[in-house]
Amino acid sequence: MPIDTTLRSATISVLVENEPGILARVVGLFSGRGYNIDSLTVAPVEDGRNRSRINIVTSGTDMIIQQIKAQLDRLVPVHRVSDLSTDGPHIAREMALIKVLGTGEKRVEALRLAEAFRARVVDATTGSFIFEMTGATDKLDAFLDLMRPLGLAEVSRTGVAAIARGTRII
Amino acid sequence: MSQTHAAPQETVQPEMQAGAEVLLRALKEQGVEVIFGYPGGAVLPIYDAIFQQNAIRHILVRHEQAAVHAAEGYARSTGRVGCVLVTSGPGATNAVTGLVDALMDSIPIVCLTGQVPTHLIGNDAFQEADTTGITRPATKHNYLVKRSEDLARVVHEAFYVARSGRPGPVVIDLPKDILINKAPYTAAATTEHRSYRPVTAPDAGQIAKAVAALKSARRPMIYTGGGVINSGQAASDALIKFVRKTGFPITNTLMGLGAYPSNDKQFLGMLGMHGTYEANLAMHGCDVMLNIGARFDDRVTGRLNAFSPNSRKIHIDIDRSSINKNVPVEIPIVADAGLAIEALLAAWDNEPAEVDTASLAKWWEQIETWRALDCLKYTQVQTKGGIIKPQYAIQRLYDITRESGRETFISTEVGQHQMWAAQYYRFDRPKHWMTSGGLGTMGYGLPAAMGVQVAHPDALCIDIAGEASILMNIQEMSTLAQYRLPVKVFILNNQYMGMVRQWQELLHGSRYSESYTAALPDFVKLAESFHGVGLRATSVDQLDDVIREMIASDRPVIADICVDQKENCFPMIPSGAAHNEMILGAEHGNRAPGVTDDGMALV
């Protein structure tokens, strides 16, 4: 069989038992086997805080992404693994806090663009804004590109949280 | 009958015992009979509990690495979970090589490690190490018990994880206060594990597809590995049935030897880097390949883009991540090897298509021409004083042990002697061959043979060794003496790290950098100093007598067999070469392809 060498991005959600060391296990698997992590988020998602959901954005050939799924799935505390980017339509969002320093015309322009992008002002001084913005990764990237010449000083991003559309659950 | 008064609800308080006692009780419930271990401060409460009971036997090793290898030998020869007990810090770190060895070769082990008390964890306390951190990539799973109420559950779960699905090593890190404090005992859960539920039954649709592909084959090939051995005797029995029914040729990996009787005419020998000419060329030339419980290891495939280029591939593996990892396959089947072979057997008769027997006969003709080359041929001079060829030493060992009629287990260290053992010792049963296949751990064989001997006190347990490897765990001779374990160490002594020397000769212009072992010990005196028997053969006329004396002895023996220093292990597929680019031995004029630069970078 011919090997497909096209690289693709994948958003993988992993439902795990919330036990000590689970994040180290997942991250260690990626570093130990030489897979990329483009972004990673983790938080408990159940009432008793017994389970956590880890969302990982990674990239590789289809064979590597299948391999990542299989490797994650055989970790003992892993309940379920889903490659949201191939299992059907999904929503992926991340949040960023963006600090822009500046005065005068640039400051006005930054605020105007923030409104256009539906970024919220969550802190302001006479020399700075902090915008809160939620959206798909490429939307955040586009906004940050615009802010760069306008005094972008600091960014804090959450990484991607993702979920399948419709009635499907992980 | 109506009841007016419900019986008063009694809340059953679980019985409380010291943690160490709860631990031993859980081990007993899991069927542990032997622990290989070494004491230290953090595990003293466990040793105190061991002292006060007789159900579990403790074998005191001389190094923690050897404890794990011994447990591996025990596990591989019995099919049960091997159990290890070591102390915190250096005890745990010394065990790591053994754990990775068990991980790579899928051997079920539960390793109990001591830990400093919970309130000292993270304080750089004496003999503290981050054992769960260090062993995370060295184990299938690991646990740190931080609450007494978790202790019994964790022990039961560890055994379940170690033996289920693709087996592997599991570490339980036990802080000293957990071992001392009272803990409740709970029996093993009868419910399914929360998250770990490996698939073992094959998908019927995939089995049907596999059978259809196999029946359409004109040049079929069956390639099986350690998965068949791990699955148990029933899997080997089913495999023999299936191979005979189909009439197809079969090869085994290093880990899979013994699953199919090696003297059978359908068996083409081991495949891979030092596999036979016929097995490798049949893999290269086949049109349908059935892989059962093997993982397309780089030692088997050679150069990936030239590996069996024209075959449709079926891969049965209990571990989904082994499928499509190196080699893309058309028909994946996630299942236990034994259950999958049974399913293939059942489906074979239901599929109306017939095997193309004319093509199969032609394929066998082709294979016979390859076999006729006799790739394992070597020349042994039989004159008095003649130097011993290592291949001949193994062949005689095989013949003489077979004549003896005794149940024989063979372990090896790592290097040339290991490959010669795989090539010239003929295995006909599973679980009688223990070698470090994945990790390639020098020093594996002696402690592994020790573990086998503990499980099979009356069997003949032989470690085929090299003089370099044996020195890596030679201290275990002392353990053999203490427990009167009559393990035989059969050293093919060429005074070189033979496989290193071979690669230096073939790939590095014969620059023998650091591969000659100056100042070797006198192995005869060494054996004697460890209360064993030392024997030596320096010429071919002495060989048989030494082997006979060795196997007749009821004590541990080191037989120092001085062999041809210049001998290389052939056939050989150089790194980065394809199966059809094999180097053959001097008997065949060393037909050799060029080694590529890419190949030089591979190990």
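Residues numbered from 1 in each chain as written. Chains lettered and ligands numbered in written order. Predicted model: local features only at pLDDT ≥ 70, side-chain atom pairs only at ≥ 80, totals over all residues. Heavy atoms only, no water.

(A) A look at a nonpolar patch on the surface. Residues and elements named next belong to chain A. Taken together, the side chains of Leu23, Val27, Ile37 and Val42 define a hydrophobic patch exposed on the protein surface, amounting to about 260 Å² of accessible area. Looking at the element boundaries, Val42 is found in strand S2 (residues 39-44). The exposure class assigned to Val42 is partly exposed, which follows from its relative accessible area of 40%. (Patch = residues over 30% accessible without salt bridge, like charges linked within 9 Å, V, L, I, M, F, W, Y side chains within 5 Å. Areas by Shrake-Rupley, 256 points an atom, 1.4 Å probe, with all protein chains shown as cover. Salt bridge = Lys/Arg side-chain N within 4 Å of Asp/Glu carboxyl O. Helix = DSSP H or I, 4+ residues; strand = E, 2+ residues; numbered from the N terminus. Buried < 20%, exposed > 50% of the residue type's maximum accessible area, 1.4 Å probe, protein only.)

(B) Geometry of the pairing of strand S5 (residues 90-101) of chain A. All names here are of chain A. Strand direction decides the pairing type here: S5 and strand S9 (residues 161-164), joined by four bridges, are antiparallel. Bridge assignment links Ile91 to a residue of S9, and that residue is Ile163. As defined by bridge partners, S5 adjoins strand S7 (residues 128-135) across eight bridges and the pair is classed as antiparallel. Looking at S7, one finds that Leu101 is bridged to Ser128. As paired elements, S5 and strand S8 (residues 152-157) share five bridges and run antiparallel to each other. Counted as the bridge partner of Val100 is Leu152 from S8. (Pairing = 2+ DSSP bridges.)

(C) Quick look at the sheet that holds strand S13 (residues 312-317) of chain B. All names here are of chain B. Read from one edge of the open sheet, six strands run S11-S10-S9-S12-S13-S14, paired in parallel fashion. With partners counted over all chains shown, the strands left at the sheet margins are strand S11 (267-270) and strand S14 (331-334), one partner each. On average, each strand axis in the sheet is inclined to that of its neighbour by 15°, with strand direction left out of account. Two elements, strand S10 (residues 250-252) and S11, share two bridges in a ladder whose sense is parallel. Residue pairing across strands places Ile250 opposite Phe267, the latter belonging to S11. The sheet strands contacting helix H8 (residues 204-215) are strand S12 (288-292), S13 and S14, and the helix crosses S14 at an angle near 135°. (Axes fitted to C-alpha atoms, helices over the stretch in contact; angles between N-to-C directions. Contact = heavy atoms within 4.5 Å.)

(D) How the structure looks around the domain arrangement of chain A. Residue and element names in this part refer to chain A. Taken as a whole, chain A is organised into domain 1 (8-87) and domain 2 (91-162). For domain 1 versus domain 2, the distance between C-alpha centres works out to 29 Å. Each partner contributes to the interface: domain 1 provides nine residues, whereas domain 2 provides five residues. Between the two partners, domain 1 and domain 2, sit three residue pairs in polar contact (both at pLDDT 80 or more). For the side of domain 1 that touches domain 2, the secondary-structure elements that each account for two or more residues are strand S1 (8-17), S2 and strand S3 (51-60). (Domains from an automatic or database assignment. Polar contact = N/O pair within 3.5 Å; in protein donor to acceptor, adjacent residues only side chain to side chain.)

(E) Spatial organisation of empty space enclosed by the protein. Counting across every chain of the model gives two cavities of 30 Å³ or more. In this structure, the largest cavity encloses a volume near 90 Å³. In terms of lining residues, the largest cavity is bounded by 14 residues, among which Gly269, Met270, Ala422, Gln423 and Arg426 of chain B are the most central. Listing elements by their share of the lining of the largest cavity, those giving two or more residues are S11 and helix H16 (416-424) of chain B. Top contributing element to the lining of the largest cavity by residue count: S11 of chain B, with three residues. Its residues assigned to classes, the lining of the largest cavity comprises seven nonpolar, six polar and one charged. A volume near 30 Å³ is recorded for the second largest cavity. Of all the secondary structure elements, the ones that give two or more residues to the lining of the second largest cavity are S5, helix H3 (104-116) and S7 of chain A. For the lining of the second largest cavity, the residue count by class is four nonpolar, three polar and one charged. (1 Å grid on protein atoms, 1.4 Å probe; cavity = no way out; pocket = protein on both sides within 12 Å on 5 of 7 lines; lining within 4 Å. Points joined across faces, edges and corners; volume = space filled by probe spheres on them. Nonpolar A, V, L, I, M, F, W, Y, C, P; charged D, E, K, R; others polar.)

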